[in-house]
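# Inside the fold
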Amino acid sequence: MLCLIGVLPVLALFNVFGQHPTTTSAGVPAASVNVTAPERLRSGLIFQVRVRITAHRDIRELQLVFDRGWWESMSVNSSVPEPTEESSSDGRVVFDYGPLGAGHTHVSWIYFQVNPTNVGERQENLDVKDGNTELVRIKRSMTIFP
């Protein structure tokens, strides 16, 4: 029984319970996207999400559309740069950033904190849009341990 209790800190040392970031990438002729964020977290942790978009053609109205899983039982400490407009669409959070020229890169950092009662697995997909036109979809999931 005592050895079983000792296994938990060893598993934590090997990052089984989270916060090591992973990068998910996708690309289409219009743009390429990298999302760097942890896939496993513990309640109460503060973590950073980095979204990097490189435009391969002019994007008139860059929008990042975050699934509900990014925000459910999370506290947002900061986002840099601030979007020009924030809204929601069907329960998803939309950040508008304006135009992004071909060959240019936009990087957003969002700092979250996991609320202590937040436990479970959820989808944290991200759509990159040019106005109403979807360019790229990143599919991710997140697991939160107690």
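Residues numbered from 1 in each chain as written. Predicted model: local features only at pLDDT ≥ 70, side-chain atom pairs only at ≥ 80, totals over all residues. Heavy atoms only, no water.

The sheet built from five strands is open, its strands ordered β1-β2-β4-β9-β6 with antiparallel pairing. Edge positions in the sheet fall to β1 (21-27) and β6 (74-80), since each of these pairs with one other strand and no more. Strand-to-strand twist across the sheet, computed as the mean angle between neighbouring axes with direction ignored, equals 15 degrees. Relative to strand β4 (residues 46-55), strand β2 (residues 31-38) runs antiparallel, the two being bridged by six bridges. In the sheet register, Thr36 faces β4, and the bridge partner there is Arg50. (Pairing = 2+ DSSP bridges. Helix = DSSP H or I, 4+ residues; strand = E, 2+ residues; numbered from the N terminus. Axes fitted to C-alpha atoms, helices over the stretch in contact; angles between N-to-C directions.)

Mapped onto the elements of the fold, Val136 is located in strand β12 (residues 133-138). We classify Val136 as buried; its relative accessible area is 4%. Setting aside anything within four residues of it in sequence, one finds Val136 in contact with Ala26, Val28, Ala31, Val33, Leu126, Asp127 and Val128. (Buried < 20%, exposed > 50% of the residue type's maximum accessible area, 1.4 Å probe, protein only. Contact = heavy atoms within 4.5 Å.)

Looking at the secondary structure, you find Thr117 in the loop between β9 (105-114) and β10 (120-123). Residue classification places Thr117 among the exposed residues on the basis of a relative accessible area of 73%. Spatially, the C-alpha atoms of Thr117 and Gly44 are 8.5 Å apart, while their sequence positions differ by 73 residues.

Turning next to the sheet that holds strand β3 (residues 40-42). Read from one edge to the other, the open sheet built from three strands follows the order β3-β13-β10, with strand pairing classed as mixed. Strands at the two margins of the open sheet, each flanked by one partner only, are β3 and β10. Ignoring which end each strand starts from, the neighbouring axes of this sheet average 25 degrees apart. Relative to strand β13 (residues 141-145), β3 runs parallel, the two sharing three bridges. Counterpart to Leu41 in the pairing with β13 is Ile144.

A few words on the packing of aromatic side chains. This structure, assessed with the given rule, holds eight aromatic pairs. By way of ring pairs, the aromatic residues Phe47, Phe66, Trp70, Trp71, Phe95, Tyr97 and Phe112 are connected into one cluster. (Phe/Tyr/Trp six-rings, centres within 6.5 Å; stacked < 30°, edge-to-face > 60°.)

Here the structure, examined in full by the defined rule, presents six salt bridges. Arg92 is the partner of Asp67 in a salt bridge, and the nearest nitrogen-oxygen pair spans 2.7 Å. With a gap of 25 residues between them, Asp67 in the loop between β5 (59-66) and β6 and Arg92 in strand β8 (residues 92-100) connect regions that are remote in the sequence. Comparing Asp67 with Arg92, the two get one shared label, buried. Each of Asp67, Arg92, Asp127 and Arg137 takes part in one network of salt bridges that share partners. (Salt bridge = Lys/Arg side-chain N within 4 Å of Asp/Glu carboxyl O.)

One finds Val49, Val51, Ile53, Leu64 and Phe66 to be the most contacted residues of the largest nonpolar core, which totals 32 residues. Sorting the residues of this core by element identifies β2, β4, β5, β8, β9, β11 (126-130), β12 and β13 as the ones contributing at least two each. Ranked by residues supplied to this core, first place goes to β4 with five residues. Once residues within four sequence positions are removed from consideration, Leu64 is found in contact with Val51, Ile53, Val93, Val94, Phe95, Tyr97, Ser108, Leu126, Asp127 and Val128. (Core = buried A, V, L, I, M, F, W, Y, C linked by side-chain atoms within 4.5 Å.)

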